[in-house]
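# Architecture at a glance
So you can see what is in the structure, the chains are spelled out below.
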Amino acid sequence: MTTRNRAVAVLLTSATGLALLAGCGLRDYREDPPGGDGGTPAASSFTPKAPLPPGRALDADARVPAPPRVDESDATAVAEAWAGTAYSHDTAYDTSPHDAALRAARFLTPQRAAALREYRPVSGPGDQWNTWAGHRAWTTVDVAADLDGDAPPDAAREAYRGLFVEGEAHGRDGWQGEGPRVNVFVKLTRVGPGRPWRVADVTVVEAAVPPSASPSATAPDSNE
């Protein structure tokens, strides 16, 4: 196991709750209003946030591909197809990352897909998304399997896959920037041998961005 992956493994557990809230449509208690003194709710002064509007349907001008057709008897192929679709965004059509997640719902179990469709995000999509949207950017991603062999062996109805997702953002104005960078641990299930694999659970950890070199960290003068 590499040092990088040991760090990811430690982070996976702590990130599980956040990932489930963001991806499954469960209630996010971070959006609740603070309680008043003595535990009295402050609902009278709290205005609920309106859900973000859904994105537009993709058409011929969209820059992200349709979900691919894959061999559904191959757990790795299904996991990678889900990740590639879920992280391919087009901000000229999508209002948040949730829209790409919905396009990837075909690779989910029926239960998880239903929860995802019921979920309506109310929080803003974040600074990185806002930067992309300012350039009307789309993202392209590379998905690579973690081949370190730390995942449990496949069972008849259950499999696990670790993936690295790294992407770039491309603005319609010519701008280029960093796209999604995440480590993903995927649980897949199927109802029986020979049946299609489906993504049942996902844990996501944002990949660390290497710090830029400090101006003081320059090479020493050869004359010193």
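Along each chain, numbering runs from 1 in the same order as the chain's sequence is written. Given that the model is predicted, a residue must reach a pLDDT of at least 70 before its local features are reported, and side-chain atom pairs must reach 80 or more before they are shown or counted; all residues, however, enter totals for whole chains, interfaces and linings. Think of the side-chain values as coming from all heavy atoms in the structure, minus any hydrogens and water.

## Considering helix α4 (residues 110-118)
Rules: Whether a residue is buried, partly exposed or exposed follows from its accessible area with a 1.4 Å probe, protein chains only, as a fraction of its type maximum: under 20%, in between, or over 50%, in that order. Counting from the N terminus, the helices are DSSP H or I runs at least four residues long and the strands are E runs at least two residues long. Regarding the arc, it is the one traced by the directions from the helix axis to the C-beta atoms.
Every buried residue of α4 is accounted for by Arg112, Ala113 and Leu116. With its buried residues spanning 100 degrees around the axis, α4 presents them on a single face. More than 90 degrees from the buried face of α4, the exposed residues found are Pro110, Gln111 and Glu118.

## Considering the packing of aromatic side chains
What counts, and what does not: Aromatic pairing here means that ring centres of Phe, Tyr or Trp (its six-membered ring) are within 6.5 Å. Orientation follows from the plane angle: under 30 degrees is stacked, over 60 is edge-to-face, and everything else is tilted.
According to the stated counting rule, one finds three aromatic pairs in the structure shown. With 6.3 Å between their ring centres and 85 degrees between their planes, tryptophan 82 and tyrosine 87 make a pair best called edge-to-face. When sorted by exposure, tryptophan 82 lands in the same class as tyrosine 87, which is buried. With a centroid separation of 5.8 Å and 15 degrees between ring planes, the pair formed by tyrosine 160 and phenylalanine 185 is classed as stacked. Note that tyrosine 160 is positioned in strand β2 (residues 158-170) and phenylalanine 185 in strand β3 (residues 176-189), a separation of 25 residues in sequence. A residue is classified by how much of its surface remains accessible, and tyrosine 160, at 19% relative accessible area, is buried.

## Re the sheet that holds strand β4 (residues 198-206)
Formally: Here the rule is simple: two strands pair whenever DSSP picks up at least two bridges between them. Angles shown run from 0 to 180 degrees and are taken between the N-to-C directions of axes, each axis being a line fitted to C-alpha atoms and, for helices, limited to the stretch in contact. Contact between two residues is taken to exist if any of their heavy atoms lie within 4.5 Å; hydrogens are not considered.
Strand order in the open sheet formed by four strands is β1-β2-β3-β4, and the pairing between neighbours is antiparallel. With partners counted over all chains shown, the strands left at the sheet margins are β1 (138-145) and β4, one partner each. Within this sheet the neighbouring strands show an average axis-to-axis angle of 30 degrees, counted without direction. For β2 and β3, the ladder comprises 12 bridges, and the chain directions are antiparallel. Following the sheet pairing, arginine 161 is matched in β3 by valine 186. Sheet strands touched by helix α5 (residues 127-134): β1, β2 and β3. Its angle to β3, the strand with the most contacts, is close to 125 degrees.

## What to know about the pattern of salt bridges
Note the cut-off: Basic side-chain nitrogens of Lys or Arg form a salt bridge, by our definition, when they fall within 4 Å of a carboxyl oxygen of Asp or Glu.
Overall, the coordinates contain seven salt bridges when judged by the stated rule. Residue aspartate 201 is joined to arginine 112 by a salt bridge in which the shortest nitrogen-to-oxygen separation is 3.7 Å. On the criterion of sequence distance, the pair formed by aspartate 201 in strand β4 and arginine 112 in helix α4 is long-range, its members being 89 residues apart. Using a relative accessible area of 28% as the deciding quantity, one classes aspartate 201 as partly exposed. Judged by its relative accessible area of 9%, arginine 112 is buried.

## With respect to the nonpolar core
For soluble globular proteins, the rule of thumb is that nonpolar side chains tend to be buried together. Where we set the bar: What makes a nonpolar core is a set of buried Ala, Val, Leu, Ile, Met, Phe, Trp, Tyr and Cys residues whose side-chain atoms join them at distances within 4.5 Å.
Trp82, Tyr87, Val184, Val186, Leu188 and Val199 are the most contacted members of the largest nonpolar core, which has 27 residues in total. At the level of elements, α2 (75-86), α4, β2, β3 and β4 are the ones that each hand at least two residues to this core. If sequence neighbours within four positions are ignored, tyrosine 87 has contacts with Trp82, Thr139, Val141, Val165, Pro180, Val182, Val184 and Val204.

## Brief notes about unusual backbone geometry
Non-glycine residue arginine 136 carries a positive phi angle of around 50 degrees. Looking at the secondary structure, you find arginine 136 in the loop between α5 and β1.

Don't take any of this as a statement about function, it's just geometry.
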